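Observations on chain architecture
Chain residues, written in single-letter form:
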Amino acid sequence: MNEEKIIVMDMGNLKGDESLERPTLCLGIESSCDETSAAIVDSNRNILSHIIYSQIPEHQKFGGVVPELAARAHILAIDEVIKQTLERAGKTIVDIDVVAATAGPGLIGGVLVGWMAATGIAHATGKPLVAVNHLEGHALVPRLCATVADGTNGSTAVEFPYLLMLASGGHCQILLVRGVGQYELIGQTLDDSAGEAFDKVAKMLGLGYPGGPVVDKRAQGGNPKAFKFPRPLCDKPGCDFSFSGIKTAARTFLDKNPAPHSEEFINDFCASFQSSVVDCIINRLGNAMQDQRVINAAPKTLVVAGGVAKNSAIRSAMEKLAADNGMIFAAPPMNLCTDNGAMIAWAGLENYKIGNIVKEPIAPRPRWPLTEL
Ligand SMILES: Nc1ncnc2c1ncn2[C@@H]1O[C@H](COP(=O)(O)OP(=O)(O)OP(=O)(O)O)[C@@H](O)[C@H]1O
Ligand SMILES: [Mg+2]
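Residues numbered from 1 in each chain as written. Chains lettered and ligands numbered in written order. Predicted model: local features only at pLDDT ≥ 70, side-chain atom pairs only at ≥ 80, totals over all residues.

**A short note on helix 4 (residues 134-144)**
Structurally, the α-helix is built with 3.6 residues per turn, so residues lying three or four positions apart point the same way. Definition in use: Exposure in this text rests on C-beta crowding, where 20 or more other C-beta atoms within 10 Å of a residue's own make it buried, 12 or fewer make it exposed, and counts in between make it partly exposed. The C-beta atoms are placed from the backbone. Secondary structure elements follow DSSP: runs of H or I no shorter than four residues count as helices, runs of E no shorter than two count as strands, and numbering proceeds from the N terminus.
Counting buried positions over the 11 residues of helix 4 gives 11, a clear majority of the element. Buried residues of helix 4: His134, Leu135, Glu136, Gly137, His138, Ala139, Leu140, Val141, Pro142, Arg143 and Leu144, and no others.

Here's what the structure looks like:
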């Protein structure tokens, strides 16, 4: 493993509570896609250490994640990532109370690596083991650490129930989060995820992988009204999404206007594409707020999570939507949006608290919808 590629997450001033006397310590392990990550988080919301080993440079030349390469890279990295996570927290495995790892959904070769490492540690030490649903990691991390509209650490504002926009590389769902393991699906994409749309449009423009961050950055210097992109389903009732039409519109336009493109063209194209994604998200969330199940549950907080939650335009549009509807807006800090071990450790702690530990051997799952928890 290339030591230079290990990213030690700087927790800055993200401090949790100090109220409880002997907090429970959880070691969380994430390996479902192209990040090998581990973190130690305590039940007082403190992140003691957090390491992310990103494989992005290994996949960049292929324009996307290659599952077989990802699985091998996880094997090479996992021991060192766990070892350094313990060392940086000043802990040994004996100090850990609970071991948690992603058990799906994700690329199964990678999931197996992290899951087997966690299972081995739990068996060897007799510690309880939690099988974390990766999407539940994204969904619950705002309760570990979140920024609310006034810029403070508002994780305590993210109380159940909350309305969640989960937008990641593989998923795009609106969920009513009633509690740990209690998810009601309000809407979801019928085709691509929002993250996939960002990645594919970036690829068409030759902007590399992953596409979301670069499109976000380019869009900041562009005119969102320069090109006309469709807003699929926005004239229809309901809360479902469809992004394939936006992607096809991009492809068709670029076929008629091939490269080379000016910097201005690329910026305007990114801004116009992004604004159509933002409009779809806001339109669908607006409908979700009128859904009878949501009205009955009366969530106080609107939350965004998943890698796409890093997007500046989506964050500010959702913040406005929440304010217009008398809701609090909360989002995880940037470094807890994309895949990370801290979200798995936190979901591990939340599940451990309600007794949801592994009692007999389980098989990791490539598909594992939140509604099946
Ligand atoms: N600033 C941004 N704007 C838009 N999209 C972004 C931004 N930053 C990252 N992304 C997108 O987030 C996605 C990665 O998110 P994440 O790590 O949560 O996905 P994943 O783990 O691959 O998918 P899943 O969680 O559904 O299994 C990528 O598609 C990436 O382009
Ligand atoms: Mg993810």
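Moving on, there is more to tell.
**Here's the deal with the domain arrangement of the protein chain**
Spelled out, the test is: Each domain span listed reflects an automatic or database assignment of domains. Our contact criterion uses C-beta atoms placed from the backbone: two residues qualify when those atoms are within 7 Å. Any residue that is not Ala, Val, Leu, Ile, Met, Phe, Trp, Tyr, Cys, Pro, Asp, Glu, Lys or Arg is counted as polar, Gly included; the first ten are nonpolar and the last four charged.
The domain boundaries assigned to the protein chain delineate domain 1 (3-144 + 336-372) and domain 2 (147-331). A straight line from the C-alpha centre of domain 1 to that of domain 2 covers 26 Å. Residue-level contacts link 23 residues of domain 1 with 26 residues of domain 2. Mapped by element, the contributors of at least two residues to the side of domain 1 that touches domain 2 are helix 1 (56-60), helix 4 and helix 11 (341-353). Looking at the side of domain 1 that touches domain 2 element by element, the count peaks at 7 residues for helix 4. For the side of domain 1 that touches domain 2, a count of residues per class yields 11 nonpolar, 9 polar and 3 charged.

**Some thoughts on the environment of Val65**
Note on placement: Val65 falls in the loop between helix 1 and helix 2 (67-89). Sequence separation between Val65 and Pro210 is 145 residues, and the spatial gap between their C-alpha atoms is 9.4 Å. Residues contacting Val65, with those up to four places away along its chain left out, are Cys33, Asp34, His59 and Ala70.

**Re the pairing of strand 11 (residues 301-305)**
The cut-off we apply is this: Two strands qualify as a pair provided DSSP detects at least 2 bridges between them. A clockwise course of the path from the first strand over the helix to the second, judged with the strands pointing away from the viewer, identifies a crossover as right-handed.
Strand 11 sits mainly inside the fold: 5 of its 5 residues count as buried. Burial along strand 11 is two-sided: Thr301, Val303 and Ala305 facing one way and Leu302 and Val304 facing the other are all buried. The sheet contact formed by strand 11 and strand 12 (residues 328-331) spans 3 bridges and is parallel. Bridging across to strand 12, Leu302 finds its partner in Phe329. Where the polypeptide runs from strand 11 across helix 10 (residues 312-324) and back to strand 12, its parallel neighbour, the crossover connection is right-handed.

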